[in-house]
Amino acid sequence: MQKLSVCAILAPMLSIVICAAYADTAASETQQLPAVNAAAVIESPDKRIKIRFDLASRGDQTSVPCYTISFRDKTLVGQSALGLDLAPAGPLGPLHITGIEDRTSDTTYKVFPGKTSSARDHYNEAVISLEESAGAKRKLDIIFRAYDDGAAFRYRVPEQPALDRFIVAEEQSEFKIENNPVAYPLPAPDFKSPYESYYKPGPLDAVSAEQLLYLPLLVQYPDETVMAITEAHLQDYAGMYLAPTTGTAGLLSSILSELPGHEGIKVESTLPHDTPWRVFMIGDQPGRLIESNLVNNLNPPSVIADTSWIKPGKTTFPWWNGFKLDDAVGFKGGLNTDTAKHYIDFCAEAGIEYHSLDGVKGSAWYGGPLRPYKGADITTTTLAALDLPQVLSYAKEKGVRLRLWMAWEAARMHMHKAFPLYEKWGIEGVMLDFFDRDDQDVVNFIHEAVALAAKHHLTITLHNTYKPTGLNRTYPNLMTYEAVLNLEFNKWDKKGSSPEHELIVPFTRMLAGPLDFHSGGFRYVKPEDYKPRYVAPLVMGTRARELARYVVYEGYLPMTSDYPAAYRGQPGLEAMVNTPTTWDETRVVNGAVGDHITIARRSGDTWYVATMTDGEARDLAIPLEFLGPGNFTVKSYADDMVPNAKMEQLEISKAPATASDTIIAKLRPAGGHLMIITK
């Protein structure tokens, strides 16, 4: 077991400390240490990451809980204060330590669906028990964990005579990021938005004071060391944002999402209560964070014993292309029976597992407006043109399952009646949309909806919502989240989803968990030729890039969002359809934030190796060391490098390979490259 040092500080001005250490004990055991005003150092199993906790004076306050985090003896997070402002009595403090309990844990668990089929959960933990030195003598525990790929802390407020409810006016967590690294902030306009903004890369000290920032927040140092701050196990609590603090370089403060109708209160619940984990993903280069399962590790295990009914795959989503159809079909595209059957025919023909009924021109499939929701029943439809029983029957006959879109308020009103009915109909799952909030009320509803969906063998996709926090480990029927500016913006935004933006996303938003990107557009233009188009939108980049996206972006239910005529007879369709959506192994071969990335993901014995670049043409070396022994065949889908080749043109080839080979991926501006490697 990793030793945990307890250092008794002799005097505030002395740098010399006396450290008492206790002997090694067996794995997973705990030990109660003496009650002292002390500093605790928690080391990761590989000893590269250290968390130091102590009590310090901050301004006119004494005995303030503080922590620092270092990586390879380099301080990443300087001394930062911790605390909770609990209504009605106010912030806790001054505090003294009543005990320190530590343990180590090393387990492995199965992951499905996921970027790996198993994950190791190996950490050292310390629970610091604190009590106010005067007044009501309220109690607080702070729990720290150190992993080889990061660190985390959370608060626990135990049951106690001084408190009858858990009421949080504000969390007082600080994050003092040292040495002004390059940051990739995602500005939040307010607490009522869908996490869909452009990143603003630059020095951390250039972030505007008091600017709300979404999580995850990535920072990178000149030696390639990276750290991302996010949260995990968000349950019965409010989502957290960060904001710079005026006058102190690098100091970010936590701000909790506002609870509507509860002025001055962010969270209200019962005791005992744990807050979400505040997570620091740490690595020596950006790709290591993508490989990490840290966010999932910090969540409870799956509560679904039998996951055989959960089948990752791909789904149509006609809203993205505006229900456009080839004129030759003889009817107008829309929310009607003919369009649904036309899509179902294509899904059966191409091997696409699911077709979605969503909305068009402001109307949902169930007949009410898309938004604001006005109470429409989601167990039927009022649209005369849509014969729902016929569509359900036709889909079953063709072996294609349906997914149903709905406003989240519709689910809140009707899901206890609708979800059991959907199970009888054979519906695969639902998309809940238009949350635009992450306050405690919405967080609790999402937990309730995902649990109810699991009970009735339905998967869930969340749109216009907050970033993932690992709930998909506990409920693996939660397939993916949006929470990212994506290709839907190409319908209306002058900037659209740019190649540079798409190369920031894997290193930032994707660290939190799976994402839905409205992928699958098959009409491509150079970035300089892009214009927004609501019907049949354009995509910046090449066909090979679009195929690579299905490997680079983690998502267990990605879209094939274009219309059938856009796909039929097109090169690369079979690669898009057949690329898996859950993986046994993930490795980042190379990558630079905002510039390029190569990810290798294994499904069974087959490797899928995908590369994307920004607006620059590149020749990227891809060593195949990860293949291991044996002879392999590489099928490549590459950019056509012939001068003036159209963006959708592909160069498809096959070649033998071994682990000692290096493939040179030649990429056009906004280009891509996909290899499917079989033994």
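A. Summary view of the pattern of salt bridges. In this structure the tally under the stated criterion is 38 salt bridges. Put simply, Arg 103 and Glu 125 hold a salt bridge, and the shortest N to O gap is 3.1 Å. Of the two residues, Arg 103 is situated in strand E10 (residues 95–110) and Glu 125 in strand E11 (residues 118–132); the sequence distance between them amounts to 22 residues. For Arg 103, a relative accessible area of 22% gives the class partly exposed. You can call Glu 125 buried: its relative accessible area is 8%. The partner of Asp 562 in a salt bridge is Arg 523, with the nearest N and O atoms 2.8 Å apart. Within this pair, whereas Asp 562 is found in the loop between strand E35 (559–560) and helix H10 (564–567), its partner Arg 523 is found in the loop between helix H8 (499–504) and strand E33 (524–525), the two being separated by 39 residues in sequence.

B. Just the environment of Ile 128, in detail. On the secondary structure map, Ile 128 appears in strand E11. Spatially, the C-alpha atoms of Ile 128 and Ile 143 are 6.3 Å apart, while their sequence positions differ by 15 residues. Non-local contacts of Ile 128, meaning those with residues more than four positions away in its chain, are made with Ala 40, Phe 53, Ile 97, Gly 99, Ile 100, Leu 140, Asp 141, Ile 142 and Phe 144.

C. Structural view of the sheet that holds strand E43 (residues 672–678). Across the sheet, six strands lie side by side as E36-E37-E38-E43-E40-E41; this open sheet has antiparallel pairing. Strands at the two margins of the open sheet, each flanked by one partner only, are strand E36 (585–592) and strand E41 (650–657). Taking each pair of neighbouring strands and ignoring which way they run, the sheet shows an average axis angle of 15°. Alignment of E36 against strand E37 (residues 596–603), held across seven bridges, turns out to be antiparallel. In the sheet register, Glu 585 faces E37, and the bridge partner there is Arg 602.

D. Main features of unusual backbone geometry. Cis geometry marks the peptide bond from Gly 93 to Pro 94; its omega dihedral reads -10°. In this fold, Pro 94 is placed in the loop between strand E9 (90–91) and E10. Residue Pro 372 is reached from Arg 371 by a cis peptide bond, and omega for that bond is -5°. Inspection of the secondary structure puts Pro 372 in the loop between strand E28 (363–364) and helix H4 (388–398). Notably, Ser 63 is not glycine yet its phi reads approximately 55°, a positive angle. Within the fold, Ser 63 resides in strand E6 (residues 61–71). Even without glycine at this site, Glu 224 takes up a positive phi of about 80°. As for its placement among the helices and strands, Glu 224 is situated in the loop between strand E18 (217–220) and strand E19 (226–232).

E. Spotlight on the nonpolar core. Membership of the largest hydrophobic core comes to 189 residues, with the highest contact counts inside it found for Phe 144, Phe 280, Tyr 366, Met 406, Tyr 422 and Leu 432. Tallying contributions element by element places helix H6 (residues 440–455) first for this core, with nine residues. Discounting chain neighbours no more than four positions away, the residues touching Phe 144 are Ile 42, Ile 51, Phe 53, Tyr 67, Leu 82, Asn 124, Glu 125, Ala 126, Ile 128, Ala 152 and Phe 153. Judged by nonpolar contacts, the second largest core, of 15 residues, contains Leu 620, Ile 622, Met 675 and Ile 677.

F. Just the sheet that holds E9, in detail. Ordered by their spatial adjacency, four strands build an open sheet running E9-E8-E14-E22, and the pairing between neighbours is antiparallel. The sheet terminates laterally at E9 and strand E22 (267–269), the two strands that pair on one side only. Relative to E22, strand E14 (residues 166–171) runs antiparallel, the two sharing three bridges. The partner of Phe 166 across the bridge, within E22, is Ser 269.

G. Fine view of the packing of aromatic side chains. Following the criterion strictly, the structure yields 31 aromatic pairs and no others. It is Arg 371 that lies over the ring of Phe 434; its NZ or CZ is 4.0 Å from the centre. In this arrangement the basic side chain of Arg 473 is found over the ring face of Tyr 109, its NZ or CZ atom lying 3.6 Å from the centre.

H. Representation of H4 in the model. Burial in H4 covers these residues: Leu 388, Val 391, Leu 392, Tyr 394 and Ala 395. One side of H4 carries all its buried residues, which in axial view fall inside an arc of 165°. Away from the buried face of H4 by more than 90 degrees, exposed residues Pro 389, Lys 396 and Glu 397 are located. Measuring from the side-chain oxygen of the N-cap residue of H4 to the backbone nitrogen of Gln 390 gives 3.1 Å; that N-cap residue is Asp 387. A positive backbone phi angle near 75° is found at Gly 399, which sits one or two residues after H4.

I. Layout of the environment of Arg 523. You can call Arg 523 buried: its relative accessible area is 16%. Considering only alpha carbons, one finds Arg 523 and Pro 537, 14 residues apart in sequence, at a separation of 7.5 Å. Of note is the side chain of Arg 523, whose polar atom sits 3.0 Å from the backbone oxygen of Pro 537.

J. Molecular detail of the confidence of the model for the protein. Residues with a pLDDT of 70 or more make up 94% of the protein, whose mean pLDDT is 94. Contacts from residues 1–36, a stretch scored under 50 in pLDDT, to residues over four places away or in other chains number 79 contacts.

K. Expanded view of the pairing of E14. Burial within E14 is extensive, with six of its six residues counted as buried. Relative to E14, strand E8 (residues 84–86) runs antiparallel, the two being bridged by three bridges. Bridge pairing in E14 places Leu 86 opposite Val 168.

L. Main features of the packing of helix H3 (residues 337–350) against H4. For the pair H3 and H4, interaxial distance at closest approach is 10 Å and the crossing angle is 10°. Considered as vectors, H3 and H4 are oriented roughly parallel to each other. Between H3 and H4, the residues in contact are Thr 337, Ala 340, Lys 341, Ile 344, Asp 345 and Ala 348 and Gln 390, Val 391, Tyr 394, Ala 395 and Lys 398, respectively. Here the contact of H3 with H4 is built from residues that sort into six nonpolar, two polar and three charged.

M. A look at the side chain of Arg 145. For Arg 145, the position within the fold is in strand E12 (residues 139–147). By relative accessible area, which is 11% here, Arg 145 ends up buried. For Arg 145, the side chain forms a polar contact with the side chain of Tyr 123, separated by 3.4 Å. A distance of 2.7 Å separates a polar atom in the side chain of Arg 145 from a polar atom in the side chain of Glu 125. Residue contacts for Arg 145: discarding those within four places in its chain leaves Ile 51, Arg 103, Tyr 123, Asn 124, Glu 125, Gly 150, Ala 151, Ala 152, Trp 277, Asn 297 and Leu 298.

Basis of the calculations
- Residues numbered from 1 in each chain as written.
- Predicted model: local features only at pLDDT ≥ 70, side-chain atom pairs only at ≥ 80, totals over all residues.
- Heavy atoms only, no water.
- Salt bridge = Lys/Arg side-chain N within 4 Å of Asp/Glu carboxyl O.
- Helix = DSSP H or I, 4+ residues; strand = E, 2+ residues; numbered from the N terminus.
- Buried < 20%, exposed > 50% of the residue type's maximum accessible area, 1.4 Å probe, protein only.
- Contact = heavy atoms within 4.5 Å.
- Pairing = 2+ DSSP bridges.
- Axes fitted to C-alpha atoms, helices over the stretch in contact; angles between N-to-C directions.
- Core = buried A, V, L, I, M, F, W, Y, C linked by side-chain atoms within 4.5 Å.
- Phe/Tyr/Trp six-rings, centres within 6.5 Å; stacked < 30°, edge-to-face > 60°.
- Lys NZ or Arg CZ within 6 Å of the ring centre and 35° of its normal.
- Arc of directions from axis to C-beta.
- Polar contact = N/O pair within 3.5 Å; in protein donor to acceptor, adjacent residues only side chain to side chain.
- pLDDT = per-residue confidence, 0-100.
- Parallel < 35°, antiparallel > 145°, perpendicular 65-115°, else oblique.
- Nonpolar A, V, L, I, M, F, W, Y, C, P; charged D, E, K, R; others polar.

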